[in-house]
Amino acid sequence: MYRKEYMIQCESGLHARPASELVELTQNMENEITIVNLENDEEADAKSIIEILGLEADKGDRITIEADGADAEEAVNKIITLLDGIEN
């Protein structure tokens, strides 16, 4: 398992558009990927838009991205790159 902490930078947080982009990225990954909102201890499967929206992760919230399986570090880094590139 590989995990990394990240602070949400996007003004809208992990809501509709950013969540759908995240799910689109992770759908074809073979890893099990979990996102934990460290502000409220909510946990979500990164392949489920409903669960991601349920995190209620806003700008400035700290999350942990965890991946298990082959190329786990690469999967986490791709997610961080995506999140960094989302326009505010």
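Residues numbered from 1 in each chain as written. Predicted model: local features only at pLDDT ≥ 70, side-chain atom pairs only at ≥ 80, totals over all residues. Heavy atoms only, no water.

1. Concerning the pairing of strand 2 (residues 32-37)
A large share of strand 2 lies buried, amounting to 5 of its 6 residues. Relative to strand 3 (residues 42-45), strand 2 runs antiparallel, the two being bridged by 4 bridges. The residue of strand 3 that forms the bridge with N37 is E42. The hairpin formed by strand 2 and strand 3 contains 4 residues between the paired strands, and D41 there has a positive phi angle of roughly 60°. (Buried < 20%, exposed > 50% of the residue type's maximum accessible area, 1.4 Å probe, protein only. Helix = DSSP H or I, 4+ residues; strand = E, 2+ residues; numbered from the N terminus. Pairing = 2+ DSSP bridges.)

2. Here's the deal with the pairing of strand 4 (residues 62-68)
Counting buried positions along strand 4 gives 5 out of 7 residues, so the element sits mostly inside the fold. Direction of pairing for strand 1 (residues 2-7) relative to strand 4: antiparallel, over a ladder of 6 bridges. The residue of strand 4 that forms the bridge with R3 is E66. With 6 bridges connecting them, strand 2 and strand 4 associate as antiparallel partners. Bridge pairing in strand 4 places N37 opposite I63.

3. Quick word on the side chain of D61
Within the fold, D61 resides in the loop between helix 2 (49-54) and strand 4. Buried within the structure, D61 lacks any salt-bridge partner; its nearest side chain of opposite charge belongs to R62, at an N-O separation of 7.9 Å. A distance of 3.5 Å separates polar atoms of two side chains, one belonging to D61 and the other to N37. Only 2.9 Å separates the side chain of D61 from the backbone nitrogen of D58, close enough to count as a polar contact. With near-sequence residues (within four places) excluded, D61 lies in contact with Y6, M7, I8, N37, E39 and E56. (Lys, Arg positive; Asp, Glu negative; His and termini not counted. Salt bridge = Lys/Arg side-chain N within 4 Å of Asp/Glu carboxyl O. Polar contact = N/O pair within 3.5 Å; in protein donor to acceptor, adjacent residues only side chain to side chain. Contact = heavy atoms within 4.5 Å.)

4. A short note on the packing of helix 1 (residues 16-26) against helix 3 (residues 72-85)
Running from amino to carboxyl end, helix 1 crosses helix 3 at an angle of 150°, the nearest separation of the two axes being 10 Å. It follows from the interaxial angle that helix 1 and helix 3 lie roughly antiparallel. The way helix 1 lies across helix 3 gives a crossing that is right-handed. Seen from helix 1, the contacting residues are E21, L22, L25 and T26; seen from helix 3, they are K78, I79 and L82. For the contact of helix 1 with helix 3, a count of residues per class yields 4 nonpolar, 1 polar and 2 charged. (Axes fitted to C-alpha atoms, helices over the stretch in contact; angles between N-to-C directions. Parallel < 35°, antiparallel > 145°, perpendicular 65-115°, else oblique. Left-handed = near helix turned anticlockwise from the far one by under 90°. Nonpolar A, V, L, I, M, F, W, Y, C, P; charged D, E, K, R; others polar.)

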